[in-house]
4 protein chains.
Amino acid sequence: MEQYDEKLHEECGVFGVWSEAGTQVAKDVYYGLLALQHRGQESAGIAVCKTDGPRDIIDRKKDMGLVTEVFSEEDFAKLQGNMGVGHVRYSTTGASNLENAQPLVFHYLKGTLAMVHNGNIVNDEELKMRLFDEGLVLRGTTDSEKVACLIARLRATEPSIEKAAKKAASILKGGYAIILMSPRKIVCMRDPLGLKPLCLGKIPTGYVVASESCALTAVGAEFIRDIEPGEVLTISKKGLESDRELCGSKHAHCVFEYIYFARLDSKIDNISVYSSRFRAGGCLADTYPVEADVVTGVPDSGLAAAAGYADRAGIPFRLAFQKNSYIGRTFIKPTQEERESAVHMKLNVLGDVVRDKRVVLIDDSIVRGTTIARLIRMLKHAGAKEVHVRISSPPFLHPCFYGTDVPETSQLIAKRLSTEEIREKIGADSLGYLKLNDLNTITNGMDICRACFDGNYPTEVYQETE
Amino acid sequence: MEQYDEKLHEECGVFGVWSEAGTQVAKDVYYGLLALQHRGQESAGIAVCKTDGPRDIIDRKKDMGLVTEVFSEEDFAKLQGNMGVGHVRYSTTGASNLENAQPLVFHYLKGTLAMVHNGNIVNDEELKMRLFDEGLVLRGTTDSEKVACLIARLRATEPSIEKAAKKAASILKGGYAIILMSPRKIVCMRDPLGLKPLCLGKIPTGYVVASESCALTAVGAEFIRDIEPGEVLTISKKGLESDRELCGSKHAHCVFEYIYFARLDSKIDNISVYSSRFRAGGCLADTYPVEADVVTGVPDSGLAAAAGYADRAGIPFRLAFQKNSYIGRTFIKPTQEERESAVHMKLNVLGDVVRDKRVVLIDDSIVRGTTIARLIRMLKHAGAKEVHVRISSPPFLHPCFYGTDVPETSQLIAKRLSTEEIREKIGADSLGYLKLNDLNTITNGMDICRACFDGNYPTEVYQETE
Amino acid sequence: MEQYDEKLHEECGVFGVWSEAGTQVAKDVYYGLLALQHRGQESAGIAVCKTDGPRDIIDRKKDMGLVTEVFSEEDFAKLQGNMGVGHVRYSTTGASNLENAQPLVFHYLKGTLAMVHNGNIVNDEELKMRLFDEGLVLRGTTDSEKVACLIARLRATEPSIEKAAKKAASILKGGYAIILMSPRKIVCMRDPLGLKPLCLGKIPTGYVVASESCALTAVGAEFIRDIEPGEVLTISKKGLESDRELCGSKHAHCVFEYIYFARLDSKIDNISVYSSRFRAGGCLADTYPVEADVVTGVPDSGLAAAAGYADRAGIPFRLAFQKNSYIGRTFIKPTQEERESAVHMKLNVLGDVVRDKRVVLIDDSIVRGTTIARLIRMLKHAGAKEVHVRISSPPFLHPCFYGTDVPETSQLIAKRLSTEEIREKIGADSLGYLKLNDLNTITNGMDICRACFDGNYPTEVYQETE
Amino acid sequence: MEQYDEKLHEECGVFGVWSEAGTQVAKDVYYGLLALQHRGQESAGIAVCKTDGPRDIIDRKKDMGLVTEVFSEEDFAKLQGNMGVGHVRYSTTGASNLENAQPLVFHYLKGTLAMVHNGNIVNDEELKMRLFDEGLVLRGTTDSEKVACLIARLRATEPSIEKAAKKAASILKGGYAIILMSPRKIVCMRDPLGLKPLCLGKIPTGYVVASESCALTAVGAEFIRDIEPGEVLTISKKGLESDRELCGSKHAHCVFEYIYFARLDSKIDNISVYSSRFRAGGCLADTYPVEADVVTGVPDSGLAAAAGYADRAGIPFRLAFQKNSYIGRTFIKPTQEERESAVHMKLNVLGDVVRDKRVVLIDDSIVRGTTIARLIRMLKHAGAKEVHVRISSPPFLHPCFYGTDVPETSQLIAKRLSTEEIREKIGADSLGYLKLNDLNTITNGMDICRACFDGNYPTEVYQETE
């Protein structure tokens with residue numbers, strides 16, 4: 001059930017494009033960002049540059065809001081260039097301001113630099129002190145600015161921006177997918193563990209990079225491959241140049257991309273998001289079979305797993321909820337004293353689908369448990385005889401240090417209650433979570449980071465001060 | 001496939017509430033309108049009144065835009081009252097301005113009057129001349145203002161507003177669902193043919209009326225019954241008073257409410273919208289069986305019929321499209337020269353669902369045929385071996401005079417081409433439309449208006465000049 | 001001292017233009033309204049029409065706000081026509097909404113009608129009952145709508161719009177300047193007493209009418225003459241046609257136009273506003289001579305009288321206040337606890353001008369007395385040895401029923417205190433008001449309405465209920 | 001004649017306040033900026049900080065627009081602090097964006113730093129290379145950011161922020177008035193030549209600094225003294241601490257502050273702006289006497305000199321123009337083909353003042369000459385027999401490198417034409433400019449920078465590349 005307050009939030013989506021001199025790419029970045037909008041709805045920005053123009057001219061527009069709110073037709077008259085980067089951002093309240101919105105643009109010894117960044121640097125504090133000790137001055141509070149400053153400084157002693165990027169990568173710890181736009185080239189880098197996704201596509205006049213392959217599709221690009229964990233890829237007039245020196249064998253791909261973050265029509269590190277969710281449904285059907293009449297999912301994030309469960313269990317898959325797509329950010333929520341809840345406004349049960357039926361209800365995760373409890377009540381009120389809940393991920397128990405916004409641990413229901421207690425509290429007739437080992441099944445045995453479920457972090461972590 | 005340029009548009013949704021003196025209803029109207037937003041996205045308005053206040057004070061806010069755009073928290077501090085009416089409107093371009101947005105408010109001999117109206121009066125021109133001859137002056141160009149003026153004038157010689165409303169009903173021709181707010185009561189009226197829907201619900205402190213039952217659910221009201229065609233229902237301190245003198249035996253309920261306009265979770269004239277669409281899918285499976293691997297629907301309007309087809313045919317129902325819910329009215333469409341089409345941005349195929357599969361694709365209607373053609377191309381490009389299109393309504397051939405916005409006849413593909421020609425043009429492997437007679441099956445034999453399919457209009461019609 | 005909360009407010013300015021078919025007049029109306037903006041800052045609107053177009057097409061834009069806020073470049077692409085009317089409005093809070101903003105546009109038996117109106121109809125209630133009895137329905141609460149409806153109704157039995165206007169004039173009581181735009185002509189009417197101003201100008205392609213001559217200048221029009229009190233003037237392809245049947249010999253021109261409302265560069269009923277104020281200063285110098293070093297005025301409304309005083313008294317005229325022109329409607333006023341007052345922010349004393357000087361300070365009127373008291377304190381704090389206040393109007397004692405917004409009588413300082421008591425309260429060294437008889441001097445002996453000073457109303461008046 | 005396109009523009013106004021812990025200063029900054037709005041209308045910003053709060057929390061709001069447009073009531077709920085700085089900015093188009101708007105806020109080794117800056121650093125390019133060589137990364141393109149970075153870097157080796165500021169001052173060349181807000185104190189610095197103004201005032205709970213004394217008055221502060229050229233003044237819990245090591249004997253106060261930039265009611269470096277302009281008028285009367293009937297000035301900037309001329313020449317001073325104060329930035333200018341000019345809309349002649357008169361017209365400067373030419377034509381058209389123009393500054397001939405925005409030299413009329421040729425071109429009967437030597441008279445012999453008139457720059461200057 002997407003975009004509800006209950007849910008975890010990805011923090012960003014990035015997009016970049018390099019095209020032949022003389023072409024215009026700003027609209028491509030726009031369409032790419034639209035396809036990545038689910039990764040961040042708080043701010044959006046585009047920066048473009050001409051590879052045959054002056055080295056210090058970058059045109060940029062960024063603002064708070066959705067992509068369609070930030071950009072209007074006239075903006076594209078001003079955003080002229082054949083290279084571009086774009087960014088959509090979700091952010092926790094405190095640091096949510098325009099200064100921190102991306103793309104960031106910098107002026108330094110070698111000209112200009114634009115940067116977009118998805119992820120989180122865990123040695124952010126260490127990095128800040130290193131930069132401050134060297135006399136650097138920062139304008140905002142994001143780790144992104146620190147990374148850009150680090151790269152810019154390293155460029156002073158490194159022969160190229162891509163070498164500086166690689167040097168920075170050897171210093172940075174955490175998860176990141178970064179696209180840099182230097183006056184003549186695009187440089188992409190992905191953290192050596194592969195925590196954050198980044199993929200490459202081809203258009204007739206050049207190349208496109210994006211957080212997810214659905215953004216390649218949106219601009220008509222052909223998917224080539226994922227950027228390798230640790231790879232530094234340069235796109236310029238010379239074509240593609242790849243530096244894989246930092247690529248290692250230990251990977252830790254974020255499993256939550258498959259469970260919830262990524263769009264169903266994306267493929268990440270060779271695994272289709274749809275298929276992995278469909279398989280999760282199958283695993284749940286194997287582990288927790290139940291006699292039932294209909295399988296449904298919480299829109300939209302539980303639907304693919306529901307189809308998988310239905311397929312394995314041989315029970316019909318049906319849509320049981322009507323969604324109100326007009327309820328967005330400016331919706332005025334009913335107060336406590338008023339009759340209705342926000343969940344009720346956003347979803348309503350289709351009584352004909354569930355009346356007198358035993359229902360299997362699939363959702364991707366339970367964070368606080370309040371939403372699923374309301375949905376179960378709604379189903380029963382509409383006549384469902386039984387509601388069997390299946391969750392396509394294990395219980396959520398640990399914070400994420402790599403860029404996912406998670407509520408305080410004390411608010412995680414699985415931290416406080418047993419599965420049976422949760423079942424009782426939410427009013428389900430049965431409740432089953434995906435088994436930890438099945439995470440490997442759904443990701444085809446790939447190396448994954450599943451620290452939010454088992455607490456085994458793939459990097460050192462630093463306690464956050466805030 | 002909702003909200004695309006191709007689709008027909010309903011023109012309005014209405015909502016009214018009467019609650020005990022001292023209670024506040026503006027927020028209820030707000031939530032009711034949110035649930036009716038699919039019936040009109042161009043303007044929204046709320047008017048409220050206190051039954052124990054002065055007879056000439058009505059507070060109103062109306063503006064162009066979506067319900068969530070028009071109203072902010074502070075508006076509700078000003079909209080004080082225990083009776084209220086609300087309106088959402090879609091309108092064709094010409095007359096689309098704030099003056100015509102509803103609720104309309106009038107001052108006349110007996111005090112004030114607010115009105116909301118869904119539908120279209122076919123003897124509008126006759127009515128205008130009658131009013132002009134009597135010396136009336138109009139401010140806007142809508143038939144709604146004329147209806148209100150007619151009622152207000154008739155009130156001079158009729159003993160009550162509900163009697164004036166009934167008298168007006170004997171003059172008006174066409175389809176309408178009207179809610180009047182007089183200083184002390186709410187009066188509802190529905191055209192004698194029942195072309196436009198209107199239903200009644202109960203809340204602890206009073207009553208609610210709405211175009212669709214989903215709006216009753218949204219405010220926690222209990223569904224009581226539909227307003228009868230021809231009925232004039234008055235809600236006041238005395239409770240409900242019904243005048244059924246104009247109720248006749250000839251009905252003509254708009255079948256397009258079931259096919260496309262109404263929300264799936266609504267029940268209209270005792271027929272569930274979901275069930276009627278589900279049955280349409282069953283009819284299509286009976287009429288046009290085909291060997292296939294998966295059944296899917298065009299989101300969101302084809303999904304219920306797809307489930308019905310799947311159920312009858314014993315083929316799995318699956319979701320095959322990923323929808324981008326962030327593409328709204330301000331989306332900048334790609335130009336012809338750019339790579340992508342708007343359809344492509346809004347929907348993307350889930351390759352895993354259709355690859356190497358024979359696909360049955362259900363949509364509710366074909367107007368111009370361009371969207372369905374693109375979707376078929378997308379499915380085939382994603383690997384679908386065959387695409388069999390089933391349309392859950394008959395070919396659309398005739399204009400509507402009762403409030404539905406229809407393209408010029410020359411743009412209706414079914415007017416120009418045979419079914420086989422359409423099939424070829426859109427690139428489907430087979431194509432089947434719902435049979436005319438099945439319209440009766442899906443509406444359980446109820447009297448319906450199906451003039452858009454067969455040209456038999458239930459009233460006189462007047463050629464529109466514009 | 002204009003625009004301060006203390007001041008009286010004129011309620012409207014009107015503008016109209018008729019030009020040859022094929023020309024465009026919307027921008028002229030815009031510039032005309034800009035020149036009349038001092039007469040009303042709350043809403044602005046323009047309606048235009050083509051004399052060779054269909055009889056029922058009028059394009060209009062109106063909104064709350066200043067002229068420059070309401071209109072943007074793109075509006076003028078839509079406002080196409082060779083005839084136009086415009087309106088700026090100030091209104092007391094209650095009825096201040098868009099529905100009441102002008103131009104009003106009406107549809108009736110004979111086509112369309114647009115109307116702009118400055119003034120107030122004193123038999124408004126009588127008029128309303130007459131219209132209601134005839135079955136009319138009103139949309140707003142202004143007397144303007146009632147006047148328009150009356151004219152439209154009368155048109156049914158009168159042979160032309162100008163005849164209907166004249167017939168209406170025989171029914172209306174009060175002060176008004178009205179410009180009607182019928183599909184083929186502009187009709188102007190002014191109340192028989194001449195309470196409200198209206199003048200005529202010539203442009204190469206036609207004619208212009210406006211509340212004040214400064215608006216003629218703004219569009220490069222040549223001043224021809226004032227519309228006569230009681231005159232109905234029609235401008236059409238046939239040129240000017242004047243109907244003077246209702247013109248009488250008893251006039252009552254509003255003297256406050258000269259004292260405060262009108263712009264200094266306007267000439268009304270053959271009297272220059274600047275000259276009348278300059279003469280008022282002379283009268284004050286004759287009546288209340290004083291030994292002084294410098295004469296100054298409260299910006300901007302006291303400056304012309306100050307020059308007149310200086311001229312007569314042979315004392316230098318100087319500007320003694322610096323005005324902050326950036327403080328507009330959105331200025332956040334300091335709270336009581338904060339150090340500064342709004343007056344202080346808007347005006348600051350130029351110490352060099354008044355230090356150790358005996359100052360004569362001229363203002364146009366005293367309503368509540370708080371502003372003048374603050375200014376005197378500021379002057380003394382800056383070193384003025386004496387401050388002698390001269391007011392270029394008599395004490396304000398009675399309400400206005402003809403369109404001027406006046407505070408409740410209880411708030412009028414002259415109603416409660418003698419001149420000597422006021423002098424003491426405001427801290428002036430001497431205080432003199434213009435003598436009643438001098439009102440005739442400053443207006444060259446013309447028949448004037450000075451009811452706000454002497455209570456002799458030129459028409460019956462009806463006690464206002466609100 | 002202020003705010004017209006013809007005029008030179010000052011680039012900024014700065015304001016700062018230090019008050020006891022627990023007090024709130026944001027509103028004071030707001031009122032201070034309102035009083036400085038004439039120094040810059042493009043962007044406005046306020047940053048506040050608590051001296052007893054964490055060292056890294058600064059709250060800031062800045063945006064494009066006027067002070068009253070940028071700030072609304074709710075902003076002040078968020079801007080909590082007992083120290084604050086504010087800024088208004090005018091900027092040439094290129095670099096006009098939000099990133100460059102001030103206050104700038106920085107994070108560095110010692111915590112946070114907010115800065116506001118008026119002026120221009122002439123060794124900007126040198127400074128940039130120095131910073132880049134040291135590895136610094138910049139976000140914007142202003143010299144202000146470079147100055148802040150320089151100070152922050154120097155702080156690493158200097159024992160306090162005020163010492164770092166002084167060290168920076170020894171490196172910077174040009175004109176500047178800077179206010180720094182460090183977590184515990186306010187540090188002010190003024191360039192050693194005194195090119196840019198900065199003064200100090202006292203409020204009961206602390207101190208205020210501002211570009212002009214009118215901003216002190218606006219917040220009820222008592223004027224103490226000007227910050228000395230070269231002085232670094234620190235305001236903290238310890239009171240005032242002044243470091244005058246860099247104060248020298250060579251000064252070069254910008255004479256244009258007196259001629260045009262500063263507000264009439266300000267006193268800068270012990271010279272009243274009003275008096276200096278009044279004296280300029282006297283000088284003009286001495287140098288260019290003429291037989292005339294009335295002396296007037298172009299509103300508002302020529303009025304004080306006009307009074308001075310009148311005083312010396314014994315000719316009455318009168319206001320001859322009516323200004324339309326509703327014409328602001330969003331005013332839609334008439335096109336070439338339309339009848340009127342922007343000047344005509346903004347100013348209209350008061351015919352009664354000039355008819356059949358010999359007029360002396362004073363303006364502060366002539367840049368391109370188009371505005372004065374139109375005004376002369378308007379005066380003559382209104383009946384003036386003669387128009388004698390007196391300009392209260394010498395001919396403008398050279399660019400300014402210290403923060404004043406000047407048109408390209410080729411557009412300066414005095415660069416191309418002799419005084420007699422200018423007189424003929426603008427249509428004046430006589431024309432006289434203030435003599436160079438009189439600049440000393442009007443500034444009481446103080447050391448001034450008059451490079452824009454004589455080309456003698458008080459510092460090295462670097463040719464600007466752009």
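Our subject is the structure listed above.
All of the points below concern the structure found in this document. (Residues numbered from 1 in each chain as written. Chains lettered and ligands numbered in written order. Predicted model: local features only at pLDDT ≥ 70, side-chain atom pairs only at ≥ 80, totals over all residues. Heavy atoms only, no water.)

1. Looking at the pairing of strand β22 (residues 430–433) of chain C
Residue and element names in this part refer to chain C.
Next up, step 1: Taking every second residue as pointing to the same face, both faces of β22 are buried, with Ser-430 and Gly-432 on one and Leu-431 and Tyr-433 on the other.
Next up, step 2: When strand β21 (residues 386–391) meets β22, the two strands line up parallel, connected through 4 bridges. Opposite Val-389, over in β22, you have Leu-431 as the bridge partner. (Buried < 20%, exposed > 50% of the residue type's maximum accessible area, 1.4 Å probe, protein only. Helix = DSSP H or I, 4+ residues; strand = E, 2+ residues; numbered from the N terminus. Pairing = 2+ DSSP bridges.)

2. Regarding the pattern of salt bridges
Next up, step 1: What the rule picks out here adds up to 115 salt bridges over all chains.
Next up, step 2: When salt bridges that share partners are traced, they join A:Arg225, A:Glu228, A:Glu231 and A:Arg244 into one network. (Salt bridge = Lys/Arg side-chain N within 4 Å of Asp/Glu carboxyl O.)

3. Considerations on the arrangement of the chains
Next up, step 1: One finds no contact linking chain A with chain C; the least C-alpha distance across the pair is 14 Å.
Next up, step 2: Kept free of each other, chain B and chain D leave a smallest C-alpha distance of 14 Å between them. (Contact = heavy atoms within 4.5 Å.)

4. Remarks on the sheet that holds β22(C)
Residue and element names in this part refer to chain C.
Next up, step 1: Ordered in space as β17-β20-β21-β22, the 4 strands form an open sheet in which the pairing is parallel. Only two strands of the sheet have a single partner each, and these edge strands are β17 (294–297) and β22. If you compare each strand with its neighbour and ignore which way they point, the axes differ by 20° on average.
Next up, step 2: Contacting β17, β20 (358–363) and β21, helix α10 (residues 303–313) crosses the sheet at an angle of about 160° to β17.
Next up, step 3: Against the sheet, helix α13 (residues 370–381) contacts β20 and β21, and its axis sits at roughly 150° relative to β21. (Axes fitted to C-alpha atoms, helices over the stretch in contact; angles between N-to-C directions.)

5. Considering the relation of the copies chain A and chain D
Next up, step 1: For the pair chain A and chain D, the best superposition has an RMSD of 0.0 Å and corresponds to a rotation of 180° with a translation of 0.1 Å parallel to the axis. Taken together, the turn and the small shift mark the pair as related by a two-fold rotation axis. No C-alpha of chain A lies nearer the rotation axis than that of A:Leu136, which sits 3.0 Å from it.
Next up, step 2: Interface residue correspondence from chain A to chain D reaches 100%, placing this contact among same-surface, isologous pairings. (Least-squares fit on C-alpha atoms with pLDDT ≥ 70 in both.)

6. As for the environment of A:Gly65
Next up, step 1: Mapped onto the fold, A:Gly65 is located in the loop between β3 (59–64) and α2 (67–70).
Next up, step 2: Spatially, the C-alpha atoms of A:Gly65 and A:Ser43 are 4.8 Å apart, while their sequence positions differ by 22 residues.

7. Here we look at the packing of helix α9 (residues 273–287) of chain A against helix α10 (residues 303–313) of chain A
Residue and element names in this part refer to chain A.
Next up, step 1: Viewed as axis vectors pointing N to C, α9 and α10 meet at an angle of 45°, and their least axial separation amounts to 6 Å. Our classification of the angle between α9 and α10 gives oblique. Two packed elements cross with a definite hand, and for α9 against α10 that hand is right-handed. Facing α9, whose interface residues are Tyr-274, Arg-277, Phe-278, Gly-281, Gly-282, Leu-284, Ala-285 and Asp-286, α10 presents Ala-304, Ala-305, Ala-307, Gly-308, Tyr-309, Asp-311, Arg-312 and Ala-313.
Next up, step 2: Per-class residue counts for the contact of α9 with α10 are 9 nonpolar, 3 polar and 4 charged. (Parallel < 35°, antiparallel > 145°, perpendicular 65-115°, else oblique. Left-handed = near helix turned anticlockwise from the far one by under 90°. Nonpolar A, V, L, I, M, F, W, Y, C, P; charged D, E, K, R; others polar.)

8. Focus on the packing of aromatic side chains
Both the distance between ring centres and the angle between the ring planes are used here to describe each pair of aromatic rings.
Next up, step 1: On inspection of all chains with the given rule, the structure shows 53 aromatic pairs over all chains.
Next up, step 2: Seen in terms of ring centroids, C:Tyr30 and C:Tyr31 are 5.3 Å apart; in terms of plane orientation they differ by 70°. Their pairing is edge-to-face.
Next up, step 3: A ring pair is formed by C:Phe71 and C:Phe76, whose centres lie 6.0 Å apart and whose planes are at 35°; its orientation type is tilted. The residues C:Phe71 and C:Phe76 share a single accessibility class, namely buried.
Next up, step 4: An aromatic cluster is defined as three or more aromatic residues linked by ring pairs; in this entry it consists of A:Phe256, A:Tyr260, A:Phe261, A:Phe396 and A:Phe453.
Next up, step 5: Lying over the aromatic face of D:Phe76, D:Lys27 brings its terminal NZ or CZ to 5.7 Å of the ring centre.
Next up, step 6: The side chain of D:Lys202 reaches across the aromatic face of D:Tyr207, ending 4.5 Å from its centre. (Phe/Tyr/Trp six-rings, centres within 6.5 Å; stacked < 30°, edge-to-face > 60°. Lys NZ or Arg CZ within 6 Å of the ring centre and 35° of its normal.)

Any functional reading would require information that these geometric values do not contain.
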